[in-house]
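Listed here are the chains, written in short residue letters.
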Amino acid sequence: MASYLIRHSPRLSGEVEVSAAKNAVLPILAAGLLTEDPLIVRQVPHITDVEMLLQILRDCGAEVSRSGSDVSVCAMQPQSPHHEETMRRLRASILILGPILARTGSACVGLPGGCAIGQRPIDLHMKGLQALGAQVHAVGGMRQLSGRLTGARIYLDLPSVGATENLMMAATLAQGDTTIENAAKEPEVVDLANCLNLMGARIAGAGTGTVTVHGVERLHGAVYHPIPDRVEAGTLLCASAITEGSVLVRGACAEHVRSLLFKLQETGVGIRETPCGIRLSGTAIAPFELRTLAYPGFPTDMQAPMTVVALKCHGQSLLQETVFENRFMHVAELARLGARIRVENNVAMVDGGTELKGGVLKSTDLRAGAAMMLAGLIATGETILQDPSGHIERGYQDLPEKLRSLGADIEKIDDRA
Ligand code: EPZ
């Protein structure tokens, strides 16, 4: 059980390095199941979600080894995982399905878990795999799939990131050509496609709404360096904006956070894109309106951190969540610090400019937990952030240490103390 003691912090300043993207690394590691050669992934962040997926990959019969920040996955004979309960702990666990099915012609998986931000169905994954020729049988909480995959034309009712990734991976070894229409355009989808192509796949159109895959006999190993984490970069930029700081987030890719940068500039902060990253300076004062959408729209993963930015702005900001049905769990917690936020019909109305006073918060999910950590930086006095499920360490490598290196007064406390 983790807890953090956060005190009102001075202006953050300095430079901080962003880690590789959790949501790129997870599907890329799963892609290691598509070949009997070693797939080596560089700069893999030390976060719990990665450790959980590596455990699942081992359970699928892959040889997994870590050397520093490099991870090697080698799946000579992949098989379905034996321990269904580990799949429940990680939403990304569903991404082993396409690769195992494509490699072996059969797969049996449990339903994935993940944050409580929504129901998180997998119907689009199943429909797409059925279109590729898989027979799907539901046996309790398990899904049994079988069949040799053949190319197909698939239309996704929603531009699902995970479904696009799963189907793209499955299609690489299918016989014939596959087209995925209304595909997700997220940078992490493009990164996966780039890695798959390095492994010998023939994918075109990743990042557009239409992805085409020409199936091949086999894929081979590769060495791949994933993209930087745009959500971590955004979270660090928000930390600077709420403390009137001046921070350079080294390694951040401005193209991946374009919608966030425009929104932050609307609040009055200055943004400078440099060859080594993104610098934010000044403070957020002007209220704003935003709506979360699939990429390149405003990212849902940045909605909670931006709620804290809105608390600094003088006036009412509106944040509409359109991607997940339960992604305002941070609101009730922020109210414990005196935040005035009303939620109606998936719109958070934030009355900014009121002083926040330190208190005790409990993390509810990954991005909400990060938002609460940011809120502790601007609340007067001390804030204790309890994180019994270890949400923050699931998705951020060394977030407290990175904030502390910029001047934040924050420390991880052992609850036994
Ligand atoms: C990925 O989740 C990310 N996770 C999420 O990040 C991110 O918020 C999300 O994409 C949206 O960008 C990883 O990449 C590991 P979706 P994913 O399928 O793939 C509905 C974080 O904090 N849907 O694009 O699960 C679904 O319910 C996490 O790092 C179906 O209806 O998201 C949701 O409303 C949180 N049926 C919407 O689509 C399906 O079969 C978007 O989900 C699949 C999804």
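Residues numbered from 1 in each chain as written. Predicted model: local features only at pLDDT ≥ 70, side-chain atom pairs only at ≥ 80, totals over all residues. Heavy atoms only, no water.

Participant: For the sheet that holds strand 20 (residues 347-351), give the residues involved together with the corresponding values.
Facilitator: Strand order in the open sheet formed by four strands is 17-18-20-19, and the pairing between neighbours is mixed. At either margin of the open sheet sits one strand with a lone partner, and together these are strand 17 (289-291) and strand 19 (340-344). Taken over all neighbouring pairs, the strand axes of this sheet differ in orientation by 15° on average, direction set aside. Sheet topology note: the strand 19/strand 20 ladder contains five bridges and is antiparallel. Each bridged residue has a counterpart across the sheet, and for isoleucine 341 the counterpart in strand 20 is valine 350. (Pairing = 2+ DSSP bridges. Helix = DSSP H or I, 4+ residues; strand = E, 2+ residues; numbered from the N terminus. Axes fitted to C-alpha atoms, helices over the stretch in contact; angles between N-to-C directions.)

Participant: Could you give an account of the environment of aspartate 49, naming the residues involved and the relevant values?
Facilitator: Tracing the backbone through its elements, the reader meets aspartate 49 in helix 2 (residues 48-59). Overall, aspartate 49 belongs to the buried group, its relative accessible area being 5%. Remark: the alpha-carbon pair of aspartate 49 and glutamate 232, spanning 183 residues in sequence, is separated by 15 Å. Residues in contact with aspartate 49, not counting those within four places in the same chain, are Lys22, Leu26, Leu90 and Arg394. Of note is the side chain of aspartate 49, whose polar atom sits 2.6 Å from the side chain of arginine 394. (Buried < 20%, exposed > 50% of the residue type's maximum accessible area, 1.4 Å probe, protein only. Contact = heavy atoms within 4.5 Å. Polar contact = N/O pair within 3.5 Å; in protein donor to acceptor, adjacent residues only side chain to side chain.)

Participant: Explain the domain arrangement of the protein to me, and be specific about the residues and the numbers.
Facilitator: For the protein, the domain assignment lists domain 1 (2-19 + 228-413) and domain 2 (22-224). Look at where the C-alpha atoms of domain 1 and domain 2 centre, and you get two points 30 Å apart. At the interface, 21 residues of domain 1 touch 21 residues of domain 2. For the domain 1 face of the interface with domain 2, the top three residues by lost area are Tyr295, Arg394 and Gln397, together amounting to 36%. Run the count over domain 1 and domain 2 and you get two salt bridges. (Domains from an automatic or database assignment. Buried area = accessible area lost by both parts, 1.4 Å probe. Salt bridge = Lys/Arg side-chain N within 4 Å of Asp/Glu carboxyl O.)

Participant: Explain the site of the ligand to me, and be specific about the residues and the numbers.
Facilitator: Around the ligand, 21 residues are found, and the nearest of them are Asp123, Ser160, Asp301, Val323 and Arg367. Here arginine 120 contributes a side-chain N or O atom positioned 3.2 Å from an oxygen atom of the ligand. Between an oxygen atom of the ligand and a main-chain N or O atom of glycine 162, the distance comes to 2.8 Å. Isolated, the ligand exposes 830 Å² of accessible area, and the fraction of that covered by the protein chains is 89%. (Near = heavy atom within 4 Å. Areas by Shrake-Rupley, 256 points an atom, 1.4 Å probe, with all protein chains shown as cover.)

Participant: Could you give an account of the layout of surface pockets, naming the residues involved and the relevant values?
Facilitator: If you roll a probe as big as a water molecule over the atoms, it shows you where there is empty space left. Within this model, the largest pocket holds a volume of roughly 1,200 Å³. Residue lining of the largest pocket: 47 residues in total, with Arg91, Arg120, Val161, Gly162 and Phe324 positioned closest to the centre. Secondary structure elements with two or more residues in the lining of the largest pocket: helix 1 (22-31), helix 5 (123-131), helix 6 (161-171), helix 8 (230-242), helix 12 (366-378) and helix 13 (391-395). Ranked by residue count, the leading element in the lining of the largest pocket is helix 1, at four residues. Taken together, the residues of the lining of the largest pocket break down into 22 nonpolar, ten polar and 15 charged. The residues that make up the lining of the largest pocket include at least three from each of domain 1 (2-19 + 228-413) and domain 2 (22-224). (1 Å grid on protein atoms, 1.4 Å probe; cavity = no way out; pocket = protein on both sides within 12 Å on 5 of 7 lines; lining within 4 Å. Points joined across faces, edges and corners; volume = space filled by probe spheres on them. Nonpolar A, V, L, I, M, F, W, Y, C, P; charged D, E, K, R; others polar.)

Participant: Could you give an account of the pattern of salt bridges, naming the residues involved and the relevant values?
Facilitator: Note on pairing: side chains with opposite charge can pair once their charged atoms come close. Here the structure, examined in full by the defined rule, presents 24 salt bridges. The partner of aspartate 157 in a salt bridge is lysine 127, with the nearest N and O atoms 2.9 Å apart. With aspartate 157 in the loop between strand 9 (153-155) and helix 6 and lysine 127 in helix 5, the pair connects residues that are 30 residues apart, well separated along the chain. Given the relative accessible area of 46%, aspartate 157 is considered partly exposed. For arginine 258, the salt bridge is made with glutamate 255, and the minimal N-O distance between the two is 3.1 Å.

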